[in-house]
Amino acid sequence: MYFDKKSQKRHTKTQNQEIKSGDEIFTIQRKQTTLISDTGDIETEETVQSMMIGDIKVDSVSKIFGKCHDCGLLITYLNKRICFCGKIICTNCAEWWDDDNRPVCSICYKALKKKKFWSSFWHLILSPFIERREN
Ligand SMILES: [Zn+2]
Ligand SMILES: [Zn+2]
């Protein structure tokens, strides 16, 4: 097939998306090339330069959920953790709270630990009285 390069129309659209994360700037470059041949065939090709957040490959801003409230780093939909206080945290900052089987932020983790300590403490003190009342 004869293909005259000169009669081809080429449109290249480059789109850069910059995302700031702390001191770092991530760039996702999306390049869309459209080739229109003289016969009217349209061919489009898209190349996307992706970036890595942690060990997750991100090739679209839509994959980014937001920023970690604790460390300020970007969070993807895959590594986001939401504490019951509403804080969005990354996997590195999240603590696992076994009692509720859920991730919590470091502040809530400390508070929960304290609460658990005091509730078990009061339980220890009060339990002999509770048992006596039952008899
Ligand atoms: Zn974090
Ligand atoms: Zn929290």
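Before reading further, recall that the structure is shown in the block above.
Residues numbered from 1 in each chain as written. Chains lettered and ligands numbered in written order. Predicted model: local features only at pLDDT ≥ 70, side-chain atom pairs only at ≥ 80, totals over all residues. Heavy atoms only, no water.

Here the focus is the coordination of the zinc ion (ligand 1). Around the zinc ion (ligand 1), the protein contributes the donor atoms Cys-68 (SG), Cys-71 (SG), Cys-90 (SG) and Cys-93 (SG), which lie 2.3 Å from the metal centre. Note that the zinc ion (ligand 1) binds four donor atoms; their angles at the metal cover 104 to 117°, and the shape is tetrahedral. Under the relative-accessibility criterion, Cys-93 is labelled buried at 16%. (Donors = N, O, S within 2.8 Å, 3.2 Å for Na, K, Ca; no water. Tetrahedral: all angles 85-135°; square planar, octahedral: opposite > 155°, others 65-115°. Buried < 20%, exposed > 50% of the residue type's maximum accessible area, 1.4 Å probe, protein only.)

Before going further, it helps to spend a moment on the packing of aromatic side chains. Counting across every chain of the model gives five aromatic pairs. Ring geometry for Trp-97 versus Tyr-109: centroids 5.7 Å apart, planes at 85°, classification edge-to-face. Separated by 12 residues along the polypeptide, Trp-97 in strand S10 (residues 95-97) and Tyr-109 in helix H1 (residues 106-134) bring together distant segments of the chain. Of the residues examined, Trp-97 reaches a relative accessible area of 7% and is grouped as buried. Ring pairing ties together the aromatic residues Phe-117, Trp-118 and Phe-121, which thus form one cluster. Here Lys-80 stacks its cationic end above the ring of Phe-65, 4.8 Å away from the centre of that ring. (Phe/Tyr/Trp six-rings, centres within 6.5 Å; stacked < 30°, edge-to-face > 60°. Helix = DSSP H or I, 4+ residues; strand = E, 2+ residues; numbered from the N terminus. Lys NZ or Arg CZ within 6 Å of the ring centre and 35° of its normal.)

We now examine the layout of surface pockets. Here the largest pocket is characterised by a volume of approximately 220 Å³. Lining the largest pocket are 14 residues; nearest its centre among them are Ile-53, Gly-54, Leu-73, Leu-74 and Asn-79. Going through the elements one at a time, strand S2 (24-36) and strand S4 (51-53) are the ones with two or more residues in the lining of the largest pocket. Of the residues assigned to the lining of the largest pocket, the class counts are seven nonpolar, five polar and two charged. (1 Å grid on protein atoms, 1.4 Å probe; cavity = no way out; pocket = protein on both sides within 12 Å on 5 of 7 lines; lining within 4 Å. Points joined across faces, edges and corners; volume = space filled by probe spheres on them. Nonpolar A, V, L, I, M, F, W, Y, C, P; charged D, E, K, R; others polar.)

A few words now on the nonpolar core. Ranked by size, the top nonpolar core spans 13 residues in total, and within it Cys-68, Cys-83, Ile-89 and Val-104 carry the most contacts. At the level of secondary structure, the elements contributing two or more residues to this core comprise strand S9 (88-90) and H1. Ranked by residue count, the leading element in this core is S9, at three residues. Setting aside residues up to four positions removed in sequence, Cys-83 forms contacts with Ile-89, Arg-102, Pro-103, Val-104, Cys-105 and Cys-108. One finds Met-51, Ile-53, Ile-56 and Ile-64 within the second-largest nonpolar core, a separate group that totals nine residues. (Core = buried A, V, L, I, M, F, W, Y, C linked by side-chain atoms within 4.5 Å. Contact = heavy atoms within 4.5 Å.)

Here we come to the coordination of the zinc ion (ligand 2). Within the protein, the atoms that donate to the zinc ion (ligand 2) are Cys-83 (SG), Cys-85 (SG), Cys-105 (SG) and Cys-108 (SG), at distances of 2.2 to 2.4 Å. In this structure, the zinc ion (ligand 2) is surrounded by four donor atoms whose angles at the metal cover 103 to 118°, and the resulting shape is tetrahedral. Spacing between the donor residues of the zinc ion (ligand 2) along the chain follows C-x1-C-x19-C-x2-C. You can see Cys-83 sitting in the loop between strand S8 (80-82) and S9 and its partner Cys-108 sitting in helix H1, a full 25 residues away along the chain. Both residues of the pair, Cys-83 and Cys-108, belong to the buried class.

Here we come to unusual backbone geometry. Positive phi, normally seen in glycine, also occurs at Asn-101, with a value near 55°. Note that Asn-101 resides in the loop between S10 and strand S11 (102-104). Using a relative accessible area of 55% as the deciding quantity, one classes Asn-101 as exposed.

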